Every structure is written in C-alpha cells, then in structure tokens.
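# Topology and contacts: notes
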Amino acid sequence: MTQPLIARPARPEWGELPATVRSGIEHASGGSLFSVESMAGGYGPGMASLLQRDDGARFFVKAISASINPQGPDIYGRERDILERLPLDAPISQLVATFTDGQWLALIFGEVIGRNPEWSREGDLDLVLSSMTDLARAMSPPPAPAPRAADLWDEDFAGFRRLAATKAHFEPAVRARYGDWAADGLDRLATLEASGASAVVGETLLHGDLRDDNMLITPAGEVVFVDWPEACIGPAWFDLLLMLPSVALTIGLDAVEQVVATHGSIADVDSRAVDAALTGVAGYFVHSSLQPPPPGLPTVREFQRVQGLAAVEWLQQRHAV
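How each quantity is defined
Residues numbered from 1 in each chain as written. Predicted model: local features only at pLDDT ≥ 70, side-chain atom pairs only at ≥ 80, totals over all residues. Heavy atoms only, no water. Helix = DSSP H or I, 4+ residues; strand = E, 2+ residues; numbered from the N terminus. Rg over C-alpha atoms; globule rule 2.2 N^0.38 Å. Contact = heavy atoms within 4.5 Å. Areas by Shrake-Rupley, 256 points an atom, 1.4 Å probe, with all protein chains shown as cover. Axes fitted to C-alpha atoms, helices over the stretch in contact; angles between N-to-C directions. Parallel < 35°, antiparallel > 145°, perpendicular 65-115°, else oblique. Left-handed = near helix turned anticlockwise from the far one by under 90°. Nonpolar A, V, L, I, M, F, W, Y, C, P; charged D, E, K, R; others polar. Salt bridge = Lys/Arg side-chain N within 4 Å of Asp/Glu carboxyl O. Buried < 20%, exposed > 50% of the residue type's maximum accessible area, 1.4 Å probe, protein only. Phe/Tyr/Trp six-rings, centres within 6.5 Å; stacked < 30°, edge-to-face > 60°. Pairing = 2+ DSSP bridges. Core = buried A, V, L, I, M, F, W, Y, C linked by side-chain atoms within 4.5 Å. Polar contact = N/O pair within 3.5 Å; in protein donor to acceptor, adjacent residues only side chain to side chain.

### Some thoughts on the overall build of the chain
Scanning the chain for helices and strands turns up 13 helices and 9 strands. Against the 2.2 N^0.38 benchmark of 20 Å for 321 residues, the chain shows a C-alpha radius of gyration of 20 Å, consistent with a compact globule. When contacts within the chain are restricted to residue pairs at least 6 apart in sequence, those whose partners lie at least 24 apart make up 71%. Summed over all atoms, the accessible surface of the chain reaches about 14,200 Å², with 51% contributed by carbon and sulfur.

Here it is in structure tokens:
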C-alpha cells in the first residue's frame, strides 16, 4: 500500500497578515526581525513561518484568524492552553510566546531543526515507537487538564453510527469509496464502534493526532512531537492506534499488525478493545470524508478518505465484524 500524494492547503504568507499583527508578533518574539521564511507542510490553513531576529535567534510561528477558518482561533487556543502546562523537559515543541489582537492568534515556538519521519526509511519507525513510549511516560499521570477520550467518543468517534442512522443517504457513497464490506456492515460497525468508549479509558495525556507531519527527528536522533490541539486523556496505546493507519499507507498492514503484536503499550491489550477503538477511528475518517470541506481546508476530505480507506482495510483484515 503506497501513500498517495495529497495537495496541501494554500497558506497565507507572512506579508499577507495585517501590519499590526506582524508588528505584534515581532514584539512578542522579543526583538526586531531580520528575516522571514514561509513554511510548507501540514494540513492547517494558518500562516506558518520561520522568523529570525536580528540577534540570530530563530522561531517558528503559526497564526490564524476566524476569517481563514472559523474554528481556527479556538483550535490554536486549545493548543496554547495545553502547551503552557506541559513539562519543559517533555519531547515537545516549546511555546515561548503568544500574540492575539482578538481576531488573530499567533503561537511562537523555539525552532526545532529536524525532518519528518519516513515510515519506509530504515530505523525511523522504530525510533518513533521508542519515543512514543518515552512520551507516554512523561505524560502519565496527565500534567495538564484535557478532555477524556471516553467522554469525547460519542461526539468525535461516532461516524459509523451517524452513517447507519442515515443509511439511505450515505450507503451509496460508502460503497463507492470504501467497498461492499463497509457498506454492508454499517449496522455491525456502528454497534462495535459504540463499545469503544469503554476501551479508551486511561490516565495518560495523549497527543491525539499523531502522524508523520506532527513529528520531527532532530540531527541528534531525538523525536519532537508538535501540534497539540487534539490532546486528550486516555490509554497510551490509543495514540499508537491513531497513528497506525497513516503508517499502513506506506509500509502495509502486515507491518502494522507486527507493531500491534510487539509494542509494549498495546501488545497485551484485549483485541476486542483494539477492534472497538479502531472502528471508532475508521468511522471518524469515513464519515468526515463524506462531508463538505470546511472553510480554508479544501484538501482535508481527500486526506480523510485515504486515512479512512487504510483504517477500513485494516479493520477488515482483523475480521472485527
């Protein structure tokens, strides 16, 4: 299974921000700016740039307003609130300052020099898996308040239940995009999905959205985990489960099952709990992919379709229903 190339959303450039916002970010960063470099990557619609002060200090800045995406400032606000409470020695991008004018919200981070992991590159997956163990240890017990994954279940991971409840409308699209197994099994998938909330009870602060573009491997071989707005509290293995559909797209389902069989966070977890949680993840992607694109995120539905297809194929391989 080879990961397809998916177009990234167009981000506003630094120069497109209002002058008052640029000057506010510059002041918050602690000095006069010498240079600005726009950054690509990720699926968010906000401005992303690397700033260098005239004293040589470098920062990564992302900024958004409701005019770009109505939920954008709230999403950035959640990330700010989480990061301000995390341990300074945690393997995360360090938030050094923020700026807001009531419309725009900017988060200013210390620069992390690194690259995104490549799942087909020798050693990268093993390094990430080991680092996730270290991350879970640092986040247990939770160092910051966050929603509980179990409490979010019926809102965030109820995709198959929503599709089953509106089967007449959505079943043709599910069949066309995800195949007969998913379309014919909507009721059974909905039932299994409903049991997932009890499976994701735990006492670890989870990242909640781990993918290769939310991690950086430094030249020293350390993994830094970035982009934390979806943080929640649950079992450490749920972060791994959320990540594995994106891994399957590159190295296949057999390799993913090997991870499940050997990684310390999930190897001893009841397979029924894993299946129920995976059904919730698959349902989230499938249902989301069939909705109109949100403002400022024209490519996110294709991203969700690809992730959903990997999750459905994995679920089918596990013979969960």
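### So, the packing of helix 6 (residues 167–178) against helix 12 (residues 271–289)
The description of two packed helices rests on the angle between their axes and on the distance between the axes. Running from N to C, helix 6 and helix 12 cross one another at 110°; their axes reach a closest spacing of 11 Å. Judged by the inter-axis angle, helix 6 sits roughly perpendicular to helix 12. As helix 6 packs across helix 12, the resulting crossing turns out to be right-handed. For the pair formed by helix 6 and helix 12, the contact residues are Val174, Arg177 and Tyr178 on the first element and Phe285, Val286 and Ser289 on the second. Of the residues in the contact of helix 6 with helix 12, the class split is 4 nonpolar, 1 polar and 1 charged.

### Notes on the pattern of salt bridges
A pair can form between side chains of opposite charge whenever their charged atoms are brought close. Summed over the entire model, instances satisfying the criterion amount to 22 salt bridges. A salt bridge links Arg161 to Glu193; its shortest N-O distance comes to 2.8 Å. Separated by 32 residues along the polypeptide, Arg161 in helix 5 (residues 159–165) and Glu193 in helix 8 (residues 186–194) bring together distant segments of the chain. Among the residues examined, Arg161 registers a relative accessible area of 21% and is labelled partly exposed. One salt bridge connects Arg211 with Asp213, and the closest N-O pair in it is separated by 2.9 Å. For the pair Arg211 and Asp213, one class covers both residues: buried. Each of Glu171, Arg175, Asp180 and Asp184 takes part in one network of salt bridges that share partners.

### Some details on the packing of aromatic side chains
One pass over the full model with this rule turns up 8 aromatic pairs. Between the aromatic rings of Phe60 and Phe109, the centroid separation amounts to 6.2 Å while the plane-to-plane angle is 35°, which identifies the pairing as tilted. Residue Phe60 is found in strand 3 (residues 58–65), and its partner Phe109 is found in strand 5 (residues 104–110); the two are separated by 49 residues along the sequence. Phe60 sits in the partly exposed class, given a relative accessible area of 25%. Residue class for Phe109 comes out buried when judged on its relative accessible area of 4%.

### Focus on the sheet that holds strand 1 (residues 33–38)
One open sheet holds the 5 strands; their spatial order is 1-2-3-5-4, and the pairing between them is antiparallel. Of all the strands in the sheet, the pair left with one neighbour each is strand 1 and strand 4 (95–100). Going from strand to strand, the sheet's axes swing by 25° on average, the running direction of each strand aside. Judged from the 5 bridges that link them, strand 1 and strand 2 (residues 47–53) form a sheet pairing that is antiparallel. Counterpart to Leu33 in the pairing with strand 2 is Arg53. Here helix 2 (residues 72–83) sits on the sheet in contact with strand 3, strand 4 and strand 5, set at roughly 35° to strand 5.

### Some thoughts on the nonpolar core
One finds Ile25, Trp228, Phe238 and Met243 to be the most contacted residues of the largest nonpolar core, which totals 92 residues. Of all the elements, helix 10 (residues 236–251) adds the most residues to this core, at 9 residues.

### A closer look at unusual backbone geometry
Note: most peptide bonds trans; most residues except glycine with negative phi. A cis amide bond links Ser140 with the next residue in sequence, Pro141, at an omega value of -5°. You can see Pro141 is positioned in the loop between helix 3 (124–138) and helix 4 (149–156). Although it is not a glycine, Asp227 adopts a positive phi angle of roughly 65°. Inspection of the secondary structure puts Asp227 in the loop between strand 8 (223–225) and strand 9 (232–234). Since its relative accessible area comes to 26%, Asp227 is described here as partly exposed.

### Section: the pairing of strand 3
The buried fraction of strand 3 is high, at 6 of 8 residues. The pairing of strand 2 with strand 3 spans 6 bridges and is classified as antiparallel. Looking at strand 3, one finds that Leu51 is bridged to Phe59. What sits between the antiparallel neighbours strand 2 and strand 3 is a turn of 4 residues, in which Gly56 has the positive phi angle 100°. With 7 bridges connecting them, strand 3 and strand 5 associate as antiparallel partners.

### A short note on the side chain of His263
Relative to the elements of secondary structure, His263 occurs in the loop between helix 11 (253–262) and helix 12. A relative accessible area of 9% means that His263 is categorised as buried. A distance of 3.1 Å separates the side chain of His263 from the backbone oxygen of Leu129, its partner in a polar contact. Once you skip the residues sitting within four places of it in the chain, His263 turns out to touch Leu129, Thr133 and Leu240.

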